[in-house]
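# Structure at a glance
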Amino acid sequence: MFKNLKYYSQKDIEEIIKYENLPLYRAKQLIHWIYKKHASSVEEITEWPKILRENFSKKYYIGNISLNERKISKDGTEKFLWELEDKEKIESVLISDKNRLTLCISSQVGCPLKCRFCLTGKIGFKRNLYTWEIVDQFIQVSKLIKAENKKITNIVFMGMGEPLLNFENVIESLWRFKYLLEFSPRRITISTAGIIPAIKELPNKAPSVKLAISLNAADEKTRDYLMPINKRYPLHELLKTLRQYPLKPRERITFEYVMLKGINSSETDALRLAEILKGIKSKINLIPFNPWEGCEFEKPEDWEIIKFQEILVSKGYSVFIRKSKGKDILAACGQLRALY
């Protein structure tokens, strides 16, 4: 049975090389070709003698997620539909903003959380992604854009799925980003709906990445309605956990707040949000809702969003209205569904 080399950690690959009675430097070469040169097959490792490549290929292969479709929005945002080895599908989004090129990656096939405003939740949950499938989104997009002299500068775990419900694979992917791809953890953001036990474990298990919280409501009742996960990990417990979250002097937690007309966009909501975030080093991203066919919500008026921002700023918060990109190709926040 062929074994996918991307499935294995650096230590595992060293063990494979040892098992095959090869010198240890072959492991270093193999890792370099997979993660730096983005080789898609053992045959591409020209540093190895032909006979070694042929023999090694009889047992091992370099797995690759397959590109099914690449869509480009009128604003330059790109969406990639990937097919996995078991024929399941996921999406990644590449967002250009001034000097930044951010890759939004998925961590699960579908999502179990069923947030009312999110199209991905309508799919339901299929399975967790393996570590290599998470990392391979970065590798494959990097290969595609290299010819255009582009390079990914930031990674956000804000695609399909709840990253902290796929904790072990996400953590392992972060270490691979750091050590095998030499991508700085400080340029990686993990976004979560508030899985409290995993948030507590994150600083102990992961390299020092940024944390973002999908908040979307400032009271328990509204958050229960929008995000069923709040019944398991209620808002007051989440905020208590975040107050204890270890941050370096210049670090802040990002709060993402999807704005829904008549649901969470009033002046009262803004004042309540300002109150509950007291004592947490934070910045707030206001995300005007991105509609999709059959959804029950609407985007608030522009003046409502600006007023909401002004109230929070007057209370001393850093608040940004996030311009949604890729709406015309269903690539904006909450629109991923991996189906065309």
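Report follows, based on the coordinates. (Residues numbered from 1 in each chain as written. Predicted model: local features only at pLDDT ≥ 70, side-chain atom pairs only at ≥ 80, totals over all residues. Heavy atoms only, no water.)

## Re the pairing of strand 13 (residues 282–288)
Counting buried positions along strand 13 yields six of seven residues, so the element is predominantly enclosed. With seven bridges joining them, strand 12 (residues 253–259) and strand 13 adopt parallel strand pairing. Across the sheet, residue Tyr257 finds its bridge partner in strand 13, namely Leu286. On the question of chirality, the crossover connecting strand 12 to the parallel strand 13 by way of helix 10 (residues 267–276) is right-handed. Two elements, strand 13 and strand 14 (residues 318–321), share four bridges in a ladder whose sense is parallel. Bridge pairing in strand 14 links Lys283 to Ser318. Assessed by its sense of winding, the connection that carries the chain from strand 13 through helix 11 (residues 302–314) to strand 14 is right-handed. (Buried < 20%, exposed > 50% of the residue type's maximum accessible area, 1.4 Å probe, protein only. Helix = DSSP H or I, 4+ residues; strand = E, 2+ residues; numbered from the N terminus. Pairing = 2+ DSSP bridges. Right-handed = clockwise from strand over helix to strand, strands pointing away.)

## Quick notes on the state of the cysteines
Taken as a whole, this structure holds zero disulfides when the rule is applied. Cys295 carries a free sulfur, and the closest cysteine sulfur to it, the one in Cys118, is 12 Å from it. (Disulfide = S-S within 2.5 Å.)

## So, unusual backbone geometry
Positive phi outside glycine occurs at His38, with the angle close to 55 degrees. One can find His38 in the loop between helix 2 (25–35) and helix 3 (50–57). When its relative accessible area of 13% is taken as the criterion, His38 is described as buried. Positive phi is not limited to glycine here, since Glu182 has a value of about 55 degrees. Looking at the element boundaries, Glu182 is found in the loop between helix 6 (167–179) and strand 10 (188–192). Residue Glu182 is classed as exposed on the basis of its relative accessible area of 58%.

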